[in-house]
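Read off the chains here:
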Amino acid sequence: MDNMRYLGWFLGGTVVSSSSFSRVSSDCQLVGRAPAYHSEGNFSQAATKRKGRGGLLIKAKKPKRDGKDAGKPDMPSGKAEVEEEDRYCIPGPVCKGKWKNKERVLIFSSRGINFRTRHLMQDLRMLMPHSKADTKMDRKDKLFVINEVCEMKNCNKYIYFEAKKKQDLYMWLSNSPHGPSAKFLVQNIHTLAELKMTGNCLKGARPLLSFDPAFDELPHYALLKELLIQIFSTPRYHPKSQPFVDHVFTFTILDNRIWFRNFQIIEEDAALVEIGPRFVLNLIKIFQGSFGGPTLYENPHYQSPNMHRRIIRSITAAKYKEKQVKDVQKLKNKEPKTVLPHDPTEYVFAVPAEEKTIEIQWVKPEPKVDLKARKKRAYKRQRKIQQKMNRGNAK
């Protein structure tokens, strides 16, 4: 303020210099400030006087106006201070509710992921303001270590991306540390930067969750629905969230897989425009605990990526072999057939075989004598006679 140039400051009988006052005024930005002297020599010209009592101050005289400020009326000091306070005051939050749902989700991955997985992980962190990040976990570490990491990060849910062979991606969704947990194979990944959709949403806004009616038909899908709600829903009044709902997460079941989509809600006609990312979750197993425990459900329709690649290779190999066989048959058909002329001397040395007469026996033939059996019976008779003679001699 130009009209208030000179003002003396006395605190307990001591004078505050202009340099120290400028430091105090710069620190207190939210409070109305009074300008200090430009030099310490002006204190002698100040209108403030001290009486016999040391702590009392007398009001200063009004400063002289310049030519520029001659036409402006003086404003009351109270109103000026209120306007200064309002100028530097920060408005309060839009919603003043209490943050009760303390769900925190840890989103991280193992080593060996590709660029597409890294971008998908960053997109999920951006869409979920209640998420936390962590460094990549080593492949040699056991999966039970993640429960300890969640405890250190003060998280009770996690999304863990596990990469294998630098081409297969698995996703773990779990409630730490008691479970349940579910393992998925992630397929058909498309990130925000890749899709370039026309939809957009506010960062930190709370999403709606839309589920297919098929989630309520089977028990394992009902369990997955509750797990997805607790992980992907942003808690109300979260400090990092915005009090707006402008996009929706959709979970659809098709072909025994869960399809994830993110759409923007247009205010005019409530139409949906896709934002991204998008991916497909192929369920493998559901465990009772976190990374272990009894198996609650195992997908009978699941086919491992190694088996899928093996079937594809066998199909291509069968096509190649079939093509080879066809090529050989074509070569044989193309070869000219040589027709030899008839040789009249071909059957000169051909001797016909003698015809054997057929004899019919009307009398039953005599049985053949078994010499081995006859010798055996004679040997038994001699042995018995010898035994009797030995007994007589003994008596």
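For the structure, check the block above.
Within every chain, residues take consecutive numbers counted from 1 along the sequence as written. The model is predicted, so local features are restricted to residues of pLDDT at least 70 and side-chain atom pairs to those at 80 or more, both for listing and for counting; the totals for chains, interfaces and linings are taken over all residues. To get the side-chain values, all heavy atoms of the structure are used, and hydrogens and water are removed first.

Caption draft 1: Fine view of the pattern of salt bridges. Salt bridges, as used here, are contacts in which a Lys or Arg side-chain nitrogen is within 4 Å of a carboxyl oxygen on Asp or Glu. A full pass over the atoms with the stated rule returns 9 salt bridges. The salt bridge involving Glu194 is made with Arg116; its shortest N-O contact spans 2.7 Å. On the criterion of sequence distance, the pair formed by Glu194 in helix α5 (residues 192-195) and Arg116 in helix α3 (residues 115-127) is long-range, its members being 78 residues apart. Given the relative accessible area of 29%, Arg116 is considered partly exposed. As a salt-bridge pair, Arg257 and Asp255 come within 3.2 Å of each other at their nearest N and O atoms. Judged by its relative accessible area of 54%, Asp255 falls in the exposed class. Through salt bridges with shared partners, a single ionic network connects Arg261, Glu274 and Arg278. We count a stretch as a helix when DSSP gives it H or I for four or more residues in a row; a strand needs E for two or more, and each element gets its number in order from the N terminus. Throughout, exposure labels follow a simple rule: accessible area from a 1.4 Å probe, protein chains only, divided by the maximum for the residue type, with under 20% read as buried, over 50% as exposed, and the rest as partly exposed.

Caption draft 2: Structural view of helix α4 (residues 145-152). When we look at burial in α4, the residues that qualify are Ile146, Asn147, Val149 and Cys150. For α4, the buried positions fall inside an angular range of 160° around the axis, keeping them on one side. Of the residues in α4, the exposed ones pointing more than 90 degrees away from the buried face are Glu148, Glu151 and Met152. Only heavy atoms enter the contact rule, under which two residues are in contact if any of them lie within 4.5 Å. Summarising the contacts, the buried residues of α4 are in contact with β3 (105-109) and β5 (157-164). Just past α4, the residue Asn154 takes up positive phi, approximately 60°. Arc, as used here, means the arc of the directions from the helix axis to the C-beta atoms.

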